[in-house]
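The lines below spell out each chain.
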Amino acid sequence: MKIGEIVRHFCRGSILACLVTGSFAALAAEPQVKAHVSATDMPLTSSISLTFEVVGAEPGEPPTLNIPDFEVEKAGQTNSYQWINGQSSSLVGYNYVLHPTKTGVLQIPPISIRIGSQFYSSQPIMVNVHPDTGGGPQVSSGAGSLPSRTVDIPSEGLKPVFLTANVDVSKAYVGEQILLKVQFLRLPDLRAASQPRYSEPDMTGFLVEPLNQQEFMTNLNGNPYQVTEVRYALFPTSEGEFAIGSAHIELALRAEPDPFDPNSFFQNFFGRTQTLKLNTRAIPVHVRALPKSKPSNFTGAVGRFKIQDHVDTTDLEVGKPFNLIVTIEGVGNVKALQEPAIPELNNFRRYETISSSKLNKDGKFLYGSKEFKILLIPQVSGQVSIPPVSFTYFNPEQHEYVTETAPSISLQVKPGKLNAGGNESPGQSAAELPQEGVRIVEKTIRFIKDGPVKPVGPAVYLRGTFILMNLIPPLFALVSLITRRRSEIRRLRAGEYRYQKAYTQAAKMLRLAKRELNNTDPAPLYTAISAAVSNYLADKFDLSASGLIWDDLDRRLTEKGISAELKKSLREILDEADMARFATSSFASADRQQRLKDTIALLKKMEEVL
Amino acid sequence: MSRWLCVGLISVALPIGCWAASDAGRKSDPHDALVEANQLFEKGDLSRALNIYQDLVQQGFEGAALYYDLGNVYFKMGERGRAVLWYERARRLAPRDSDIQFNLGLARSHLKDTGESPFERILFYFTPSELAVGASVLIWIFFILLGLRILGSIRGESWPGLALWFSGICLAVAGAWFGGTLYLVYQPTGVVIAPPGEVRNGPGEDYSVGFTMPEGSEVTILNRRPDWVQVGVVQQGLKGWMPSKDLEAISLS
């Protein structure tokens, strides 16, 4: 025997001794049984895997299952050893696939197994089976069309272990969800020497939201496979051609022992492991741009959503804050939803919005709700309203933009105290209070008013009286101008004017003289007659009446062709007038009347010549 | 001189007396109807309030308050075009009324361009009647002083002489102002009262739409045909035809 073989046998013997010692220790411990399922909440059309494990003992027979609400399908048995605190123990697992037969909260009763002379039982398990809604309450189309527990056979054929990846759609809009499923399938009795190391695919160009991992059993060509499914909700960020990279998994498998090899026992523990590296193929995805006819309030949401709003209290008071809660719920990238456009709230002071998301990652689609809490402080009392809040999203199934509107909220606000700053502490001094001016709460039309109402009539400036009234001043100015002109003419051509007006003036004076006929005193009459004749002659010859001399007058009259008889009569009238002013008693009343007539006749005759 | 003064005074007093007497004779009191309509408005019964306001207008009554209230009713009913129309009519009766100006501005707030220049705002600061009365006073002052000056009663650089110059300048300004205002008032202007405000390239539905005007826009009325009106937008140099029912002239006459 070679030295090497001796050493090897020694080592094996030492290890065997240790294992035997350990086995005794393990045997000395109480066996443990437990049962667990891959999911406790499931749709009716799916199935779950049930594993019943026995630790620390080798049961002689598998357990007998009696589960009334499920159809039970055996999925193989696994045997392994585990090291706990330096001691090894056996682990036998019995795998089953359960198909529910009804909905509701169903119980998997305790499963019993005989080990030696004793029976051991697991704890009951409650499973909630609900009607199949296709992955979420908001999703209907497409969700229920795929049997969720059916796995396609890979193109390269069945292998004991393989890794696949697929997407639900190969074309999608920007922001539309793409479900990426990476499935790791292995035969149930495959024994892994270590935990697999999984590397996610390259998902550049997508917002990634991992969904809950699924564990279930499936059957491929009559072979049961245990499936671990990792799901991702992918949301393309831009249009174009993209590719989801390869996912990788690396695992070490324990090789099956050769029953004819005398060292097979040891081979289970040393060296007979096989390392596998599995890859998925890259998946091309075509991402389409959203239609260009985007509404003004569209903020990028893609999916199907509903909007609701409410306030957290109805006991409202001026100055007392409350929350307006706007909730958007639906299918899509809920976390990325932006705050919907809140209309201008005139009667409230608004503060920053706090948002929070609730996501459900169990289904095929990422769905959930995002809540926007807007802190408001009423500024006015009475009946006020919060206008409708609208939210627009793109529905990829209908290929159109959809606007959902939450109804208006009517609120009754009680009067209260409104601090200057709206929310400062009451202990602030007056000097610390922020200054505030007039604040426009609502800009609307001013109220109706009362006023005079009168019949429609022509405008003031179209009325005849107004026009006539305004003609008077210009006429006055015009008359003034004419008068002024005439006055100037009279001043510039005084001699001519006297000549022309001589007879008129003389006649006027004689009419005045006629009033003196009844006067007992003849002097005024003869004075008037003398003045009339003297002024007439002075005006005709452009002389001064007081400076008339008979000789000069006689010459001028002769030159003008006045007859001697007329000159004689003129002289007699003038002389008599002079005499009458000094010897009044010698002139009878009849003589005065005759003298006046003679004077008038004389002047008429002279006017004809002059 | 005193004789001319007497004639002047009588000439002034007589027409004013006749005018006042004739105005008083025609006066009636529809004020109760206005108050009733306002009460209905306050109760929110806009349709009945509108009926009363419109009845008053159809009966031949006018008033800045009446037109203003009509504008308010239409504004509350969401008819911005008609609201602008009646506010504009109210403003022409009471151009310095701040309430009318405010509501008119609010009713026009959706318009990019109100179509009113600063020059027009100045011209419309007074009504034509106010300008006419003002010009009338200036006519009297100026021409009386001018007549007296001609007659020689006013000489040199005394205060009446300066008053003559001052009143003459004021009269020239007032006359130009009055003329400009009259030009704008009698320029046929309309307001688009139908929301589409489609202006076509010809008087008929078969013609294509050349441009659109938002409700409440003011346009110049250039020509009228049965059911169609030719309008112009001076600022943009645009012309087109609108259905008559989509447009209403500001002037009620």
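Residues numbered from 1 in each chain as written. Chains lettered and ligands numbered in written order. Predicted model: local features only at pLDDT ≥ 70, side-chain atom pairs only at ≥ 80, totals over all residues.

Draft legend 1. The arrangement of the overall build of chain A in detail. Looking only at helices and strands, chain A features eight helices and 30 strands. Counting all 610 residues of chain A, 27% fall into the buried class. Considering only contacts within chain A whose residues lie at least 6 apart along the sequence, 72% involve residues at least 24 apart. (Helix = DSSP H or I, 4+ residues; strand = E, 2+ residues; numbered from the N terminus. Buried ≥ 20, exposed ≤ 12 C-beta atoms within 10 Å, placed from the backbone. Contact = placed C-beta atoms within 7 Å.)

Draft legend 2. Quick look at the confidence of the model for chain B. Residue and element names in this part refer to chain B. Here chain B averages 85 in pLDDT, while 86% of its residues score no lower than 70. The least confident element of chain B, judged by mean pLDDT, is helix α1 (residues 2-26) at 53; the most confident is helix α4 (residues 64-76) at 94. This model gives residues 20-28 a pLDDT under 50, and the stretch forms four contacts once residues within four places in sequence are excluded. Quick note on the complex model: pTM equals 0.47, ipTM equals 0.77. (pLDDT = per-residue confidence, 0-100.)

Draft legend 3. Up close: the nonpolar core. Membership of the largest hydrophobic core comes to 78 residues, with the highest contact counts inside it found for L50, L180, A233, L234, I307 and V326 of chain A. Ranked by residues supplied to this core, first place goes to strand β16 (residues 223-236) of chain A with seven residues. With residues up to four places along the chain from it excluded, the contact list for A233 of chain A reads Q177, L179, E209, L211 and L366 of chain A. Among the nonpolar cores identified, the runner-up in size contains 41 residues, and V73, A90, M242 and L247 of chain B belong to it. (Core = buried A, V, L, I, M, F, W, Y, C linked by C-beta atoms within 7 Å.)

Draft legend 4. Representation of unusual backbone geometry. For H399 of chain A, which is not glycine, the phi torsion reads 55° and is therefore positive. With respect to the helices, strands and loops of the structure, H399 of chain A is situated in the loop between β27 (389-395) and β28 (400-406). Its identity as a non-glycine residue notwithstanding, D227 of chain B has a phi of 75°, on the positive side. Of note, D227 of chain B is situated in the loop between β5 (218-225) and β6 (228-233).

Draft legend 5. Quick look at the sheet that holds strand β24 (residues 348-360) of chain A. Residue and element names in this part refer to chain A. The six strands lie next to each other as β24-β25-β23-β21-β27-β28, forming an open sheet whose pairing is mixed. Of all strands in the sheet, those bounded by a partner on one side alone are β24 and β28. Direction aside, the axes of adjacent strands within the sheet are offset by 25° on average. As defined by bridge partners, strand β21 (residues 298-311) adjoins strand β23 (residues 322-332) across nine bridges and the pair is classed as antiparallel. (Pairing = 2+ DSSP bridges. Axes fitted to C-alpha atoms, helices over the stretch in contact; angles between N-to-C directions.)

Draft legend 6. Spotlight on the sheet that holds strand β11 (residues 171-173) of chain A. Residues and elements named next belong to chain A. Read from one edge of the open sheet, three strands run β11-β20-β17, paired in mixed fashion. The sheet is open, and its two edges are formed by β11 and β17 (240-244), each paired on a single side. Looking at each pair of strands side by side, their axes are set apart by 35° on average, direction ignored. Pairing geometry for β11 and strand β20 (residues 283-288), over three bridges, is parallel.

Draft legend 7. Highlighting the interface of chain B and chain A. On the side of chain A, 30 residues touch chain B, which itself brings 45 residues to the contact. Only α1, α2 (31-43), β1 (61-62), α4, α6 (98-107) and α8 (128-151) of chain B provide two or more residues apiece to the side of chain B that touches chain A. For the side of chain B that touches chain A, the element with the highest residue contribution is α8 of chain B, accounting for 13 residues. Here the side of chain B that touches chain A is built from residues that sort into 28 nonpolar, 12 polar and five charged. Inspection of the sheet shows strand β30 (residues 454-455) of chain A paired to β1 of chain B by two bridges, in the antiparallel sense. Paired with K454 of chain A across the bridge in β1 of chain B is E62 of chain B. (Nonpolar A, V, L, I, M, F, W, Y, C, P; charged D, E, K, R; others polar.)

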